Amino acid sequence: MESLAPNIFVKDMNATIAFYKQLGFETIMSVPEKGDYDWAMMKNGEVSFMFQTFNSLGEVLPEISRKDGGSLLFYIKLKGIRSFHEKIKTKTKVISELNKTFYGATEFSIVDNNGYVLTFAEDEV
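Residues numbered from 1 in each chain as written. Predicted model: local features only at pLDDT ≥ 70, side-chain atom pairs only at ≥ 80, totals over all residues. Heavy atoms only, no water.

### Quick look at the confidence of the model for the chain
Taken as a whole, the chain shows an average pLDDT of 89; of its residues, 90% reach a score of 70 or greater. Mean pLDDT across the elements of the chain bottoms out in helix α2 (residues 54-57) (81) and peaks in helix α3 (residues 81-88) (97). (pLDDT = per-residue confidence, 0-100. Helix = DSSP H or I, 4+ residues; strand = E, 2+ residues; numbered from the N terminus.)

Below you can see the structure in the form of structure tokens.
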């Protein structure tokens, strides 16, 4: 195995792209290239996500049709967690403020516009 790139199903691609741009992600590919998107890949540093509409695969893979969000959490390590937290805390719903965990990481969590939980972490020295 060489990599993992989650393909996350969403209802509103434009809102999702706008949300992740606030977190510093850039759109690097999309289908179609312009207009109403069915799929997009976004990247920030070494972290990438693919987003796809439910409608684009609903008939081929009916198992993907479900409510927003999911029983999973995306754990994203980064450097400069405190400045990142300051930058985005008023742009999104923070569900767990900056805290030092029992395993030594400094973390905080947000919910994206689709109901997915993103936890950002840094091993501060």
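### Considerations on the pairing of strand β4 (residues 47-53)
Along β4, 5 of the 7 residues are buried, which leaves the element largely enclosed by surrounding structure. One ladder, built from 4 bridges, connects strand β1 (residues 7-10) with β4; its direction is parallel. Note on β4: the bridge partner recorded for Asn7 is Met50. Alignment of strand β3 (residues 39-44) against β4, held across 6 bridges, turns out to be antiparallel. When the bridges of β4 are listed, Asn44 appears paired with Val47. Connecting β3 to the antiparallel partner β4 that follows it, the hairpin turn spans 2 residues, and Gly45 within it adopts a positive phi of roughly 65 degrees. (Buried < 20%, exposed > 50% of the residue type's maximum accessible area, 1.4 Å probe, protein only. Pairing = 2+ DSSP bridges.)

### Brief notes about the pairing of strand β7 (residues 106-111)
Among the 6 residues that make up β7, 5 are buried, leaving the element largely enclosed by the rest of the structure. Where strand β6 (residues 93-100) lies against β7, 5 bridges are found, and the strand directions are antiparallel. Across the sheet, the residue bridging to Lys100 is Thr106, located in β7. Where β6 hands over to β7, the hairpin turn is made up of 5 residues, of which Gly104 adopts a positive phi near 95 degrees. Relative to strand β8 (residues 117-122), β7 runs antiparallel, the two being bridged by 6 bridges. By the bridge assignment for β8, Val111 is matched with Val117. The antiparallel pairing of β7 with β8 creates a hairpin that spans 5 residues between the two strands, and Gly115 there sits at a positive phi of about 95 degrees.

### Re helix α1 (residues 13-22)
All buried positions along α1 are accounted for by Met13, Thr16, Ile17, Phe19 and Tyr20. Taken down its axis, α1 places every buried residue within 160 degrees of arc, on the same side. Structurally, α1 contributes buried residues whose contacts are with β1, β2 (26-31), β3, β4, β7 and β8. For α1, the side-chain oxygen to backbone nitrogen distance between the N-cap and Asn14 is 3.2 Å, and the N-cap itself is Asp12. Within two residues after α1, Gly24 carries a phi angle of roughly 95 degrees, on the positive side. (Arc of directions from axis to C-beta. Contact = heavy atoms within 4.5 Å. Polar contact = N/O pair within 3.5 Å; in protein donor to acceptor, adjacent residues only side chain to side chain.)

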